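The primary structure of each chain is shown beneath.
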Amino acid sequence: MKKKIDLLITNIGQLITCNNPGEPLRGAEMGQIEAFENTAVAIHDGIIESVGTSHWLPDVYDPEQVVDAGGNAVIPGFVDPHTHTIFGGDRAHEFEMRISGATYMEIMAAGGGIVSTMKHTRESSEGELFASAKARLDEMLALGSTTVEIKTGYGLDTDTELKMLRVIEQLDLAHPCDIVPTFLGAHTLPPEFKDNGDGYVDLVVNEMIPAVMDWYQASHFAKNKTPLFIDVFCEDHAFDVPQTERILKAGLAAGMLPKIHVDQFNEFGGLEMALELGAVSVDHLDVTSEQGIQAIADSKSVAVPLPAVTFNLGIDQYANARAMLDGGTAVALATDLNPGSAPCYSMPMTMAIACRFQKMLPAEALHASTINAAYAIGLGHKVGSIQVGKQADLLILKQPDYRHLCYFFGQNPVGIVIKDGQEVLSTKAQRV
């Protein structure tokens, strides 16, 4: 008798599993693709039940629903491990300023940048922030992102940071995408602490972190054992190394897992400090030296270059992802979706940029956007690969070859999105 299941995906021309050995892929491993032809995937209760040939699995399972992949490629759902999806307003005027020659740091020093978005976010209601962020997540899901990390950091006061966290939880409960929360109260200095950085650090450590932990412990994230991260922007006009270290240590002591924005414009020791603290990921890395790259390779941290930022800012100082890969680093990619430096929803576009400007091969970019990205947010055991027992988050592409994800750019390569074993979005899997 055939076993009843919820879903059977058949006629898969090329199945890319992104399987892993229980830890992030490193170096040469990231360029090695496990591809199977003429395959099928059986799914039940939102979990991958079996992977086999299109001739064999239909003889074993009795599916409630069958999806024909049309001979196209199937890959894991994308994991976007660094985003600022919740924000009020926009910064289109700053886009024009940059075109006219103003740098990111000049705009930030003049009171624009993060502080500009902070003002709009403080003024926005929870409902307004939820509605705008949900619309962004809809776009991201259509482009294949099934798991998304979302940071706070546009409140810069306790009430607004908590408001953003409540919106993050509402989104996770209401939207098909799985959300992972990150507290980024130390994004930059708010105007009321412009000349008192240490005073603001006191506020983050003594008031915000305890309040955030109270929220987390009462949230469904804690019940579901979804990790809570703490992040700091270690940079000029933000937080220096001692301040960053104090905040990360306080977060660690409270039960948060550390991340860091580091080496985006200046390299002054924040990377080494974060690695010593066991940062789960170290993000940006545009100016990281050879020594810094080796230090990441020697650690358990995942390096997360953000090529859409460099592309959007119109500069040529991309993180040296090629050296990271060649040196044995575990590398992930993310959009860094935000209203200023990276107004980008698309993991496929991010991958395309990484291939062209950071010399990542399509296989490396795909692993960086799936299994390694999952490890960058503590979910490598659950998502990021097509393996028996893992969550059934899969994408049916519009092409039979996964390399078209990076080869073409500016279009949506995703035909069907399967999330938790359910078809949640379809533009049909026809070849284009």
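Quick summary incoming for the structure in this document. (Residues numbered from 1 in each chain as written. Predicted model: local features only at pLDDT ≥ 70, side-chain atom pairs only at ≥ 80, totals over all residues. Heavy atoms only, no water.)

## Let's talk about the overall build of the protein chain
Okay, step 1: If you tally the helices and strands in the protein chain, you get 17 helices and 15 strands.
Okay, step 2: Scaling as 2.2 N^0.38, a compact globule of 432 residues should have a C-alpha radius of gyration of about 22 Å, and the protein chain matches this with 21 Å.
Okay, step 3: When the backbone C-alpha atoms are referred to their principal axes, the protein chain occupies close to 70 × 45 × 40 Å.
Okay, step 4: Counting every position in the protein chain, which comprises 432 residues, the buried fraction comes to 61%. (Helix = DSSP H or I, 4+ residues; strand = E, 2+ residues; numbered from the N terminus. Rg over C-alpha atoms; globule rule 2.2 N^0.38 Å. Buried < 20%, exposed > 50% of the residue type's maximum accessible area, 1.4 Å probe, protein only.)

## A few points about the pairing of strand 10 (residues 257-262)
Walk down a regular strand and you will see the side chains alternate between the two sheet faces.
Okay, step 1: When you tally the buried positions in strand 10, you get five out of six residues, the bulk of the element.
Okay, step 2: The pairing of strand 9 (residues 229-232) with strand 10 spans two bridges and is parallel. The residue bridging I230 from the neighbouring strand is P258, located in strand 10. (Pairing = 2+ DSSP bridges.)

## Some thoughts on the packing of aromatic side chains
Okay, step 1: Using the criterion set out here, one finds six aromatic pairs in the structure.
Okay, step 2: Taking the centre distance of 5.9 Å and the plane angle of 55° together, the rings of W215 and F221 count as tilted. A single burial state applies to W215 and to F221, both of which are buried.
Okay, step 3: Centre to centre, the rings of Y407 and F408 are 4.7 Å apart; their planes meet at 55°, and the pair counts as tilted.
Okay, step 4: We classify Y407 as exposed; its relative accessible area is 55%.
Okay, step 5: One aromatic cluster is present, built from ring pairs that chain together F193, Y200 and F239. (Phe/Tyr/Trp six-rings, centres within 6.5 Å; stacked < 30°, edge-to-face > 60°.)

## Details of the pattern of salt bridges
Okay, step 1: For the structure on display, the rule yields 17 salt bridges.
Okay, step 2: Ionic pairing is found between K3 and E49, a salt bridge with its closest N-O pair at 2.4 Å. One end of the pair, K3, is in strand 1 (residues 3-16); the other, E49, is in strand 3 (residues 47-53), and 46 residues separate them in sequence.
Okay, step 3: Owing to a relative accessible area of 23%, E49 belongs among the partly exposed residues under this scheme.
Okay, step 4: Notably, a salt bridge pairs K249 with E245, separated by 3.1 Å at the nearest N-O pair. (Salt bridge = Lys/Arg side-chain N within 4 Å of Asp/Glu carboxyl O.)

## Here's the deal with helix 9 (residues 241-254)
For an α-helix the count is 3.6 residues per turn, leaving residues at separations of three or four pointing the same way.
Okay, step 1: An ideal rise of 1.5 Å per residue puts 20 Å on 14 residues; helix 9 measures up with 20 Å between its terminal C-alpha atoms.
Okay, step 2: Those residues of helix 9 not exposed but buried are V241, Q243, T244, I247, L248, A250 and G251.
Okay, step 3: Among the structural elements, strand 8 (178-186), helix 7 (197-218), strand 9, strand 10 and helix 10 (270-276) are those in contact with the buried residues of helix 9.
Okay, step 4: Of the residues that open helix 9, the one with a side-chain oxygen 2.9 Å from the backbone nitrogen of Q243 is D240. (Expected span 1.5 Å × (residues − 1). Contact = heavy atoms within 4.5 Å. Polar contact = N/O pair within 3.5 Å; in protein donor to acceptor, adjacent residues only side chain to side chain.)

## What to know about the packing of helix 5 (residues 126-142) against helix 6 (residues 158-174)
Okay, step 1: With their axes 10 Å apart at the nearest point, helix 5 and helix 6 run at an angle of 50° to one another. Here helix 5 lies oblique to helix 6, going by the angle between them. Of the two elements, helix 5 crosses helix 6, and the hand of that crossing is right-handed. Within the contact between the two elements, helix 5 uses E126, L129, F130, A133, K134 and L137 and helix 6 uses K163, R166, V167, Q170, L171 and A174.
Okay, step 2: For the contact of helix 5 with helix 6, the residue count by class is seven nonpolar, one polar and four charged. (Axes fitted to C-alpha atoms, helices over the stretch in contact; angles between N-to-C directions. Parallel < 35°, antiparallel > 145°, perpendicular 65-115°, else oblique. Left-handed = near helix turned anticlockwise from the far one by under 90°. Nonpolar A, V, L, I, M, F, W, Y, C, P; charged D, E, K, R; others polar.)

## Quick word on the pairing of strand 7 (residues 145-151)
Okay, step 1: Extensive coverage of strand 7 is indicated by the burial of seven of its seven residues.
Okay, step 2: Bridge count between strand 6 (residues 78-80) and strand 7: three bridges; the pairing is parallel. When the sheet's bridge partners are listed, D80 is paired in strand 7 with V148.
Okay, step 3: Bridge count between strand 7 and strand 8: five bridges; the pairing is parallel.

## Side note on the sheet that holds strand 6
Okay, step 1: Pairing is parallel across the open sheet formed by seven strands, whose spatial order is 6-7-8-9-10-11-12. Looking at which strands have only one partner, the edges of the open sheet turn out to be strand 6 and strand 12 (302-304). Pairs of neighbouring strands in the sheet enclose a mean axial angle of 20°, with direction left out of account.
Okay, step 2: In this sheet, strand 9 lies alongside strand 8 in parallel orientation, the contact comprising three bridges. Across the sheet, F183 pairs through a bridge with I230, a residue of strand 9.
Okay, step 3: With respect to the sheet, helix 6 is in contact with strand 7 and strand 8, its orientation differing from that of strand 8 by roughly 175°.
Okay, step 4: Seen against the sheet, helix 9 touches strand 8, strand 9 and strand 10 and runs at an angle of roughly 175° to strand 9.

## Thoughts on the side chain of T121
Okay, step 1: Structurally, the position occupied by T121 is in helix 4 (residues 114-123).
Okay, step 2: Within the structure, T121 has its side chain in polar contact with the backbone oxygen of T117 (distance 2.8 Å).
Okay, step 3: Beyond its immediate sequence surroundings of up to four residues, T121 is in contact with F87, G88, L129, Y154, T160, K163 and M164.

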